[in-house]
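# Coordinate inspection notes
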Amino acid sequence: MINATKKWIFLKISGATLVPLMIWFILNFITIYDQTYFVVINFFTSPLSKFLFSLFIINAYFFSALSISEVFEDYIKNDQIKNVANRLLYASAVVIPLITIILISRL
């Protein structure tokens, strides 16, 4: 399969899975927005919330990295700069969610 086709398929799948996770997060965020610190901590220490929030973060960064990579492919003509930009993008798309998940799991 062509690389661009794989990227397109991953972009569509991650976008489709991001929608229900985003709805779940928004609905739960609305309920805990005006609550006390302990209610928020209880929400993030629940195993189901940790799991779904981790999936949400990973999926969101994966989707954004694929989308931004497409922008790089379209607008950066120099191959060296494009490769460096993509590598930094993919590295940050791994490191930032990983740090977020570690910090959430320590609550």
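Look a little higher up for the structure.
## Examining the side chain of Ser 14
Topologically, Ser 14 is positioned in helix α1 (residues 3–32). Look at Ser 14 and you get buried, because its relative accessible area is 3%. For Ser 14, the residues in contact, after removing those within four places along its chain, are Asn 59, Phe 62, Phe 63 and Leu 66.

## Things to note about α1
With 30 residues, α1 extends 42 Å between its outermost C-alpha atoms, agreeing within 8% with the 44 Å of an ideal straight helix rising 1.5 Å per residue. When we look at burial in α1, the residues that qualify are Lys 7, Leu 11, Ser 14, Gly 15, Leu 18, Leu 21, Trp 24, Phe 25, Asn 28 and Ile 32.

## Considerations on the layout of surface pockets
Each pocket or cavity is described by its volume, and for the largest pocket that value is around 180 Å³. Taken together, Asn 3, Ala 4, Lys 6, Lys 7, Phe 10, Leu 66, Glu 70, Glu 73 and Tyr 90 make up the lining of the largest pocket. Secondary-structure elements contributing two or more residues to the lining of the largest pocket are α1 and α3 (47–75). The element that contributes the greatest number of residues to the lining of the largest pocket is α1, accounting for five residues. Looking at the lining of the largest pocket residue by residue, the classes come out as four nonpolar, one polar and four charged.

Parameters and conventions
Residues numbered from 1 in each chain as written. Predicted model: local features only at pLDDT ≥ 70, side-chain atom pairs only at ≥ 80, totals over all residues. Heavy atoms only, no water. Helix = DSSP H or I, 4+ residues; strand = E, 2+ residues; numbered from the N terminus. Buried < 20%, exposed > 50% of the residue type's maximum accessible area, 1.4 Å probe, protein only. Contact = heavy atoms within 4.5 Å. Expected span 1.5 Å × (residues − 1). 1 Å grid on protein atoms, 1.4 Å probe; cavity = no way out; pocket = protein on both sides within 12 Å on 5 of 7 lines; lining within 4 Å. Points joined across faces, edges and corners; volume = space filled by probe spheres on them. Nonpolar A, V, L, I, M, F, W, Y, C, P; charged D, E, K, R; others polar.

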